[in-house]
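Structural features, examined
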Amino acid sequence: MGFTTSSISDAVSALDERSKEIFRSIVESYLEHGEPLGSRSLSRLLPMSLSPASVRNVMSDLEELGLIYSPHISAGRLPTQVGLRFFVDAFMQVGDLSAEDRATIDRQVRGSNRDQPMETVMTKASGMLSGMSRGAGLVITSKSDPILKHVEFIRLEPTKALAVLVGDHDQVENRIIELPAGVTSSQLTEAANFLNAHMTGQTLPDLRKQLQTLKHDVRQELDVLSRDLVERGIAVWSGDGDEAKPTQLIVRGRANLLEGLADAGDLDRLRMLFDDLEKKDSLIEILNLAESGPGVRIFIGSENKLFSLSGSSLIVAPYRDDDDRIVGAVGVIGPTRLNYARIVPMVDYTAQLISRLSRAGK
């Protein structure tokens, strides 16, 4: 019977030093090359002198324990999912990031512009994690309410208009809104002018509250159709219904996941992963995973129910706001042969950096 993740300590005590060294060599070779390691090659890698026959005997014991397996007859061995978890928990040494890696992360995420919007920071963080890990970097964040600077309505059809919202950092958001029946171009301009006169320095929720108190003035300044247009535009932006406080998933580096695919089965699993990443439920699930324990969490294969069918690994850490509330997560997703020892401190440091940047005085 193989070991489970709850019996790692028992597994450690069950292996002698020779078995541990052979197991470690098999896993480290897999993480570096992705190929099965045979007894003859393994015997040449070991620090102790062992014949290929002796190595095969130990490998047989490790296979019986469920820590390694043979993908093909007469092939070398690869770690099982349980074996990878065993290695990560019992053998892997996670050190601090080098000064060079810290400087790279700071430079790529923080950038030279201290006033850049947080969405830009998130996109940079996702791309940086992808580039440094050779997996796919991901960042999950709730859309923040920007300070408003300008709004404009552009007619698209008789009953539809494009509402263009500009934030204080010049980020632009476009929404399609339904026009009240019979609205004219002059009324579109009138509604935009009214909003621009009242919105300076406010977020959408603030503006919506203010409109409630300005109803008398709105009625005096605007005709019925323009007033309806203002209310519709604000309602769309404020996120009425299921889209209130929508969550974004920023993923960079999906092409990295195509590297080293061996067969059609790998492609099928990759398609499953991409499908999972497109689902809204995945955002909530990843945040739940990040919140379920302190610091960086590692999920290997089926341990992560969200991506279990694709056999992917997820390394994820939460980031926090001024009130120490978890408001998002950063991480790396990729094949099970990720460089865990390098990526874990990278994800941890990035989460800490984003926490600092998301607070006042970034």
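Residues numbered from 1 in each chain as written. Predicted model: local features only at pLDDT ≥ 70, side-chain atom pairs only at ≥ 80, totals over all residues. Heavy atoms only, no water.

1. Focus on the overall build of the protein
Regarding its fold elements, the protein presents 14 helices and ten strands. Per-residue burial for the protein yields a buried fraction of 45% across its 362 residues. For the protein, the proportion of contacts with a sequence separation of at least 24, taken over those separated by at least 6, is 62%. Summed over its atoms, the accessible surface of the protein is roughly 18200 Å², and 48% of this surface lies on carbon and sulfur atoms. (Helix = DSSP H or I, 4+ residues; strand = E, 2+ residues; numbered from the N terminus. Buried < 20%, exposed > 50% of the residue type's maximum accessible area, 1.4 Å probe, protein only. Contact = heavy atoms within 4.5 Å. Areas by Shrake-Rupley, 256 points an atom, 1.4 Å probe, with all protein chains shown as cover.)

2. Comments concerning the nonpolar core
Ile22, Phe23, Ile105 and Tyr340 are the most contacted members of the largest nonpolar core, which totals 54 residues. Sort the elements by how many residues they give to this core and helix H14 (residues 340–358) lands first, with ten residues. For phenylalanine 23, the residues in contact, after removing those within four places along its chain, are Leu62, Leu67, Ile68, Gly83, Phe86, Phe87 and Phe91. With 17 residues, the next largest nonpolar core counts Leu257, Ile286, Leu287 and Leu314 among its residues. (Core = buried A, V, L, I, M, F, W, Y, C linked by side-chain atoms within 4.5 Å.)

3. Thoughts on the environment of aspartate 96
With respect to the helices and strands, aspartate 96 occurs in the loop between helix H5 (81–90) and helix H6 (99–110). Classification of aspartate 96 as exposed rests on a relative accessible area of 73%. Taking the C-alpha atoms as reference points, aspartate 96 and methionine 346, 250 residues apart in sequence, are found 8.7 Å from one another.

4. Focus: the packing of H6 against helix H7 (residues 118–133)
Across the interface, H6 lies against H7 with an axial gap of 8 Å and an inter-helix angle of 145°. When you trace H6 past H7, the crossing you get is right-handed. Taking contact as the criterion, the partners of Asp101, Thr104, Ile105, Gln108 and Val109 in H6 are, on H7, Val121, Lys124, Ala125, Met128 and Met132. Of the residues assigned to the contact of H6 with H7, the class counts are six nonpolar, two polar and two charged. (Axes fitted to C-alpha atoms, helices over the stretch in contact; angles between N-to-C directions. Left-handed = near helix turned anticlockwise from the far one by under 90°. Nonpolar A, V, L, I, M, F, W, Y, C, P; charged D, E, K, R; others polar.)

5. Things to note about the packing of aromatic side chains
Across all of its chains, the model carries four aromatic pairs by this definition. Between phenylalanine 23 and phenylalanine 91 the ring centres are 5.8 Å apart and the planes differ by 50°, which places this aromatic pair in the tilted class. Linking phenylalanine 23 in helix H2 (residues 17–33) with phenylalanine 91 in the loop between H5 and H6, this pair joins segments that are 68 residues apart in sequence. In this structure, phenylalanine 23 and phenylalanine 91 share a single accessibility class: buried. Centre to centre, the rings of phenylalanine 86 and phenylalanine 91 are 5.4 Å apart; their planes meet at 70°, and the pair counts as edge-to-face. For the pair formed by phenylalanine 86 and phenylalanine 91, the shared burial category is buried. Put simply, the rings of Phe23, Phe86, Phe87 and Phe91 touch in pairs and so form one group of aromatic residues. (Phe/Tyr/Trp six-rings, centres within 6.5 Å; stacked < 30°, edge-to-face > 60°.)

6. Considering the sheet that holds strand E5 (residues 160–167)
Read across the sheet, three strands follow the order E4-E5-E6 without closing on themselves; strand pairing throughout is antiparallel. Every interior strand has two partners, whereas the edge strands, strand E4 (148–157) and strand E6 (172–178), have only one. Put simply, the sheet's adjacent strands are angled 20° from each other on average, direction ignored. Pairing of E5 with E6, which is carried by seven bridges, proceeds in the antiparallel orientation. Its bridge partner being in E6, leucine 162 is matched across the sheet by isoleucine 176. Sitting on the sheet, helix H8 (residues 185–198) touches E4 and E5, and the angle it makes with E4 is about 165°. (Pairing = 2+ DSSP bridges.)

7. Describing the confidence of the model for the protein
Confidence in the prediction for the protein averages 78 pLDDT; 74% of positions are at 70 or higher. In the model, residues 239–245 has pLDDT below 50 throughout and makes six contacts with residues more than four positions away in sequence or in other chains. (pLDDT = per-residue confidence, 0-100.)

8. Topic: H7
In this model H7 runs 22 Å from its N-terminal to its C-terminal C-alpha over 16 residues, within 8% of the 22 Å that 1.5 Å per residue would give. Positive backbone phi, approximately 65°, marks arginine 134, located one or two places after H7. (Expected span 1.5 Å × (residues − 1).)

9. Things to note about the pairing of E4
Where E4 meets E5, eight bridges bridge the pair, whose relative direction is antiparallel. For valine 151, the partnering residue across the bridge sits in E5 and is leucine 165. The antiparallel pairing of E4 with E5 creates a hairpin that spans two residues between the two strands.

10. Observations regarding the pattern of salt bridges
One pass over the structure, following the stated rule, counts five salt bridges. Between glutamate 63 and arginine 77 there is a salt bridge whose closest N-O contact spans 2.9 Å. Of this pair, glutamate 63 sits in helix H4 (residues 52–64) while arginine 77 sits in the loop between strand E1 (68–69) and strand E2 (78–79), placing them 14 residues apart in sequence. The class for glutamate 63 is partly exposed, based on a relative accessible area of 31%. Exposure remark for arginine 77: the relative accessible area of 19% places this residue in the buried category. (Salt bridge = Lys/Arg side-chain N within 4 Å of Asp/Glu carboxyl O.)

11. Some thoughts on the side chain of serine 126
Examined against the element boundaries, serine 126 turns out to sit in helix H7. Setting aside anything within four residues of it in sequence, one finds serine 126 in contact with Gly137, Leu138, Val139, Ile250, Val251 and Arg252.

12. What about the pairing of strand E10 (residues 326–334)?
In terms of residue burial, E10 counts as a mostly covered element, since seven of its nine residues are buried. Judged from the eight bridges that link them, strand E9 (residues 313–320) and E10 form a sheet pairing that is antiparallel. Its bridge partner lying in E10, leucine 314 is registered against isoleucine 333.

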